[in-house]
Amino acid sequence: MVASVKSAPRAQAPGKGRGGAVTKPKTSEDTYRQMWRWDKVGTAAHCVDCYPTNCPYRAYVRDGEVWFSEARGTFPIVEKGVPDMNPMGCQKGAAWMEVLYGKQRVLHPLKRVGKRGSGKWQRVSWDEALDELAGALLDAIEDGGPQTIISLSGGSPGAIWAGGWPGIPGPLSTDNNSEVNDFAPGHYITWGKFDPVSSVDDWFHAELTFVWFANYAYTRIPYYHFALEARYKGAELIVVAPDVNPTTVHADYHVPVKMGTDGALCLSICKVLIDEGIYNETFVKEQTDLPLLVRRDNRMFLRACDVAEGGRDDQFYLHDTKTRSVVEAPRGTLALGKVEPALEGDYQATLKDGSVVKVAPVFQLLRERLKDYTPEKASAICGVNPKVIRTLARKVAVKRTNILTGEGNAGKHYHGDLMERAMLLMLALSGNWGRKGTGVRTWTTVGLGSLPPDMASQVLSNFKAEDPTMSDEIAAIELQKRAMTMGMGGIVPPVFVWYYHAGYRELWKRREYHDPSMARPFDEYFKEAVDKGWWQGVDLPGPDMTPRVLLLDGSNPIRRTPSGQNQFLRYLWPKLKMIATLELRMSASAMYSDLVLPVAAHYEKLGFCLPTTHVAGLVFGDRVAEPAGDSKPEWEIRGMLAQKLEKKAKERGLAEYTDAFGRTHRLEGLYNAHTANGAWDKQDFLVDQTVKSLASFGVLPEGTDLETMREKGYVRWANLGMSARAMAQGTEIKPDETFAPFRHHTEQKAPYPTLTRRAQFYIDHHWFLEAGEELPAHKDPPKMGGDFPFVISGGHNRWSVHALNIAHRLMLATHRGRPHMLMNPDDAAAKGIADNEEVRVHNEMGAITIPVKLAQSVPPGMVIIYNGWEPYQFRDGQGTNVVEAGMVKWLLLAGGYGHLRYWPMEWSPVTTMRGSRVEVSKLGTESGGERVAHKRKKRK
Ligand code: SF4
């Protein structure tokens, strides 16, 4: 099973080594050599969704168990003069065996015997467990239809390829990116896509690197070196963060922005760029909507349907300074030809009824908006010295600038969309995307294509006949969006489950937790969005489709969803007849499940890591050891479940069922459908076929197969394939160059997949106009959670990133080993709180008990609890998310507008939590705020 097996002389372990026989070593050298013995070495990969993931490892196996692993260190140098990616990995990868064989591992199927969450389990066989699950699934299908089965997926380690639930057609899977909110809505609003991302070695080309909404020294351990290596050739590193964090110590400048005011800082930099005339005029005119004309009378873009009968509503205009006339902006290309568009001034346009209206370029409107963001005015908001703001602007103007952010971390703020739009405006004004060493990093995954290129090209060209101004990228995205409205994906934004079935409606109705510029009640916006069909086909499950079965696959909503522990247990859980979880460890959500089914981890099954342009290649992990206990790969579990469903359906006389879209599915032949008539029932065969088909599509080098992957562990892509997500990267893979996205736009002048076909900073959707957010702006964060003096922040931790390693014995020993909250010593002293003292952190949502870690690095008025702690690690079982508000900004429900339409993992309403308000009280000094929270709970 293991490809690159290195044989070592079999020696005997000294003492009681893991599984080894015991003999007495003769010399001390002998002792050491015997300790470091292994039976074989396998090609492994750490495919955790810690993002980056994709860390190729060598796993050393002794007596059937992995006892040691090390980063492979075999990445090639891609571009001459640019460092390689070796070694990729981190302390969690090196100590992964502690999770594989740790006490938190679930080894056998477990059935709940006490009440949910009581921790009382009975070990059952796979047959018993799947029998019960299949029965519950069929009950749900018969009673309410398959759409009453909801599947939530997570970052199940190594399961990226394997796929988790559900294995039967018809159930609804929530959009994972929307659910965890790793989304960057501001990027999407601007580009019509949120995640074109460079390869990590491309960071080396940057001359100015911002680390913003992130802490790379903690969370990007394998990649961070590129940003630091760039400094050796003169690049500067700027950390923008309210706190002093471990990344700050490497920075040339630390910009201590007040939490939630980053938008004001950015807009002020933009103002300096414009006022000092140091912006990139060519880039702005060609790549952005800033030269497009807007009507002064109604603040809408001037459109062809305004000026001519039957004109398109997506044809926009420029004022050509050469001909002094209003001309059509090209839609099929960004190239302006002989047109020299105006950026400033007021002009006139004649409408189809003969009336004349004033029009102005977006750039002119932007100038007017930026009057409020002089460095001095912005400084009063964000706390950054005006001199620093001017310095930053002058650097950005002349340097290749790269922004490294976290996973949609700005998007975890209520006004994250505005902050991101302001950041992109800064990059646009300085021409900083679409070339090496520039851009902004979030996370990304590409689809790698599921069709042969000639077939995919044919499909796209047929579709483009509808509108020849569409590029391949736009056509591919459009096709996916339309498929969604027809329910072809089975993927739905989770917001509808939360709103209709998990009690979030009551929470989101709280007007005082929203921005004051929300003119109408949240419910009205929600209703308008649904009534107008903006989410047609994905606004499921509807209010009358009460969920019956919840399937979790490495997903942990009780811990991770803002307010999840409050909402789900109280509102959603009582409705569910069955909660089944595929897990390798006992997570909080597994604890509240009815069935826990043990899955094999990476190192125990075949799998690929998430395909991402960060490494621009395919990383493969082999089965180097047998799955621990009774655990099984997801693929196998799905097959077993399919067989069980078929059998039980036959017993019930249930042959077929209909889904929410009226499609009929047959239960007979489910297993054959899952395995392609048995051809795919062996993982090795399926993986081999997958690799070979990618090679035949030209995505991997010719001749690549499973054996190649086993030998190399990593193969660089030959191209990105023809999926929508791959094309949205907008750049080809080159064998000897780092990868920088957007080059199709900047070099080939391909249009953007937005309404205006340009990077769009002006959104004339009526909701955005009503909110005053047609252009980027700063708005103060609303008081989510109540009017309390502290803002709470988080971020991924160094020892676990998510919760996967949070109970890891070795990792816990490297720090305080239990949940803790960082707090400024002056704030603590004012309340008489000592280091390590347990306190109550509370707001109107709930309360947690947690020890304080005094930290000068945290500014007054802010507290930080890093992400990942399971609720059961807190004294009273209440985890951090009980005080995280989980509000949805109403504008993210907008639709029916060009690119503002659902596309999986892209445009979708997300819950936010950063900057929720809390109070901190010494134990026993419960404040009014907490009493309010308790009273609310009691009332319910
Ligand atoms: Fe790599 Fe993430 Fe695993 Fe660390 S935790 S080895 S960075 S995949």
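These numbers were taken from a predicted model, which means no experiment stands behind them.

Caption draft 1: Focus on the environment of tyrosine 513. Tracing the chain through its elements places tyrosine 513 in the loop between helix 19 (504-508) and helix 20 (522-531). Take tyrosine 513: its relative accessible area is 0%, and that puts it in the buried class. In the structure, tyrosine 513 is positioned 466 residues away from cysteine 47 in sequence and 38 Å away in space, judged by C-alpha atoms. In this structure, tyrosine 513 is in contact with Tyr414, Leu507, Pro782, Lys783, Met784, Gly785, Gly786, Glu844, Met845 and Met887, ignoring residues within four places of it in sequence. A polar atom in the side chain of tyrosine 513 sits 2.7 Å from the side chain of glutamate 844.

Caption draft 2: Here's a closer look at the state of the cysteines. Tallied over the entire structure, the rule returns one disulfide. Counting only cysteine sulfurs, cysteine 266 is the nearest neighbor of cysteine 270, a cysteine outside any disulfide, at a range of 5.8 Å.

Caption draft 3: Main features of the nonpolar core. Membership of the largest hydrophobic core comes to 142 residues, with the highest contact counts inside it found for Phe210, Trp212, Leu265, Met426, Leu429, Trp433 and Trp508. If sequence neighbours within four positions are ignored, phenylalanine 210 has contacts with Ile238, Val240, Leu392, Val396, Thr401, Asn402, Ile403, Leu404 and Met426. In this structure, Tyr57, Met97, Leu100 and Leu130 belong to the second largest nonpolar core, which totals 78 residues.

Caption draft 4: Spatial organisation of the packing of aromatic side chains. Per the stated rule, a full pass over the model turns up 44 aromatic pairs. On the basis of an interplanar angle of 65 degrees and a centroid distance of 5.7 Å, the ring pair of phenylalanine 496 and phenylalanine 526 is categorised as edge-to-face. With phenylalanine 496 in helix 18 (residues 495-501) and phenylalanine 526 in helix 20, this residue pair connects regions lying 30 residues apart in the sequence. With a relative accessible area of 2%, phenylalanine 526 lands in the buried category. Among the aromatic residues, those joined into a cluster by ring pairs are Phe496, Trp498, Tyr499, Tyr500, Tyr504, Trp508, Phe522, Phe526, Trp535, Phe568, Trp573 and Tyr902. Residue placement shows arginine 220 over the ring face of tyrosine 216; its charged tip is 5.5 Å from the ring centre. Residue placement shows arginine 725 over the ring face of tryptophan 903; its charged tip is 5.7 Å from the ring centre.

Caption draft 5: Highlighting the pattern of salt bridges. Applying the stated criterion across every chain yields a total of 81 salt bridges. Arginine 303 is the partner of aspartate 764 in a salt bridge, and the nearest nitrogen-oxygen pair spans 2.6 Å. Taken together, the residues span a long stretch of sequence, with aspartate 764 in the loop between helix 29 (743-746) and helix 30 (766-771) and arginine 303 in the loop between strand 11 (293-295) and helix 11 (304-307) at a distance of 461 residues. For the pair formed by aspartate 764 and arginine 303, the shared burial category is buried.

Caption draft 6: Structural detail: the sheet that holds strand 4 (residues 110-112). Pairing within the open sheet is mixed, and its eight strands lie in the order 5-4-21-20-19-6-7-18. One side of each edge strand has no neighbouring strand; the edge strands of this open sheet are strand 5 (121-123) and strand 18 (491-492). Pairing of strand 4 with strand 5, which is carried by three bridges, proceeds in the antiparallel orientation. Counterpart to leucine 110 in the pairing with strand 5 is arginine 123.

Caption draft 7: Structural view of the site of the ligand. Neighbouring residues of the ligand: His46, Cys50, Thr53, Cys55, Tyr57, Gly89, Cys90, Lys92, Gly93 and Pro222. At the level of elements, strand 2 (55-62) and helix 2 (91-94) are the ones that each hand at least two residues to the shell around the ligand. Residues belonging to the shell around the ligand are distributed by class as follows: five nonpolar, four polar and one charged.

Caption draft 8: Broad picture of the sheet that holds strand 14 (residues 347-350). The strand order 11-15-14 describes an open sheet built from three strands, whose pairing is antiparallel. Taken across any chain shown, the strands that pair with only one partner, and hence form the sheet edges, are strand 11 and strand 14. Strand after strand, the sheet turns through a mean of 45 degrees between neighbouring axes, direction not considered.

Caption draft 9: Region of the structure containing a nonpolar patch on the surface. The grouping of Tyr32, Met35 and Trp36 at the surface amounts to a nonpolar patch, some 320 Å² of accessible area in total. Of note, tryptophan 36 is situated in the loop between helix 1 (28-35) and strand 1 (40-46). Take tryptophan 36: its relative accessible area is 35%, and that puts it in the partly exposed class.

Conventions we followed
- Residues numbered from 1 in each chain as written.
- Predicted model: local features only at pLDDT ≥ 70, side-chain atom pairs only at ≥ 80, totals over all residues.
- Heavy atoms only, no water.
- Helix = DSSP H or I, 4+ residues; strand = E, 2+ residues; numbered from the N terminus.
- Buried < 20%, exposed > 50% of the residue type's maximum accessible area, 1.4 Å probe, protein only.
- Contact = heavy atoms within 4.5 Å.
- Polar contact = N/O pair within 3.5 Å; in protein donor to acceptor, adjacent residues only side chain to side chain.
- Disulfide = S-S within 2.5 Å.
- Core = buried A, V, L, I, M, F, W, Y, C linked by side-chain atoms within 4.5 Å.
- Phe/Tyr/Trp six-rings, centres within 6.5 Å; stacked < 30°, edge-to-face > 60°.
- Lys NZ or Arg CZ within 6 Å of the ring centre and 35° of its normal.
- Salt bridge = Lys/Arg side-chain N within 4 Å of Asp/Glu carboxyl O.
- Pairing = 2+ DSSP bridges.
- Near = heavy atom within 4 Å.
- Nonpolar A, V, L, I, M, F, W, Y, C, P; charged D, E, K, R; others polar.
- Axes fitted to C-alpha atoms, helices over the stretch in contact; angles between N-to-C directions.
- Patch = residues over 30% accessible without salt bridge, like charges linked within 9 Å, V, L, I, M, F, W, Y side chains within 5 Å.
- Areas by Shrake-Rupley, 256 points an atom, 1.4 Å probe, with all protein chains shown as cover.

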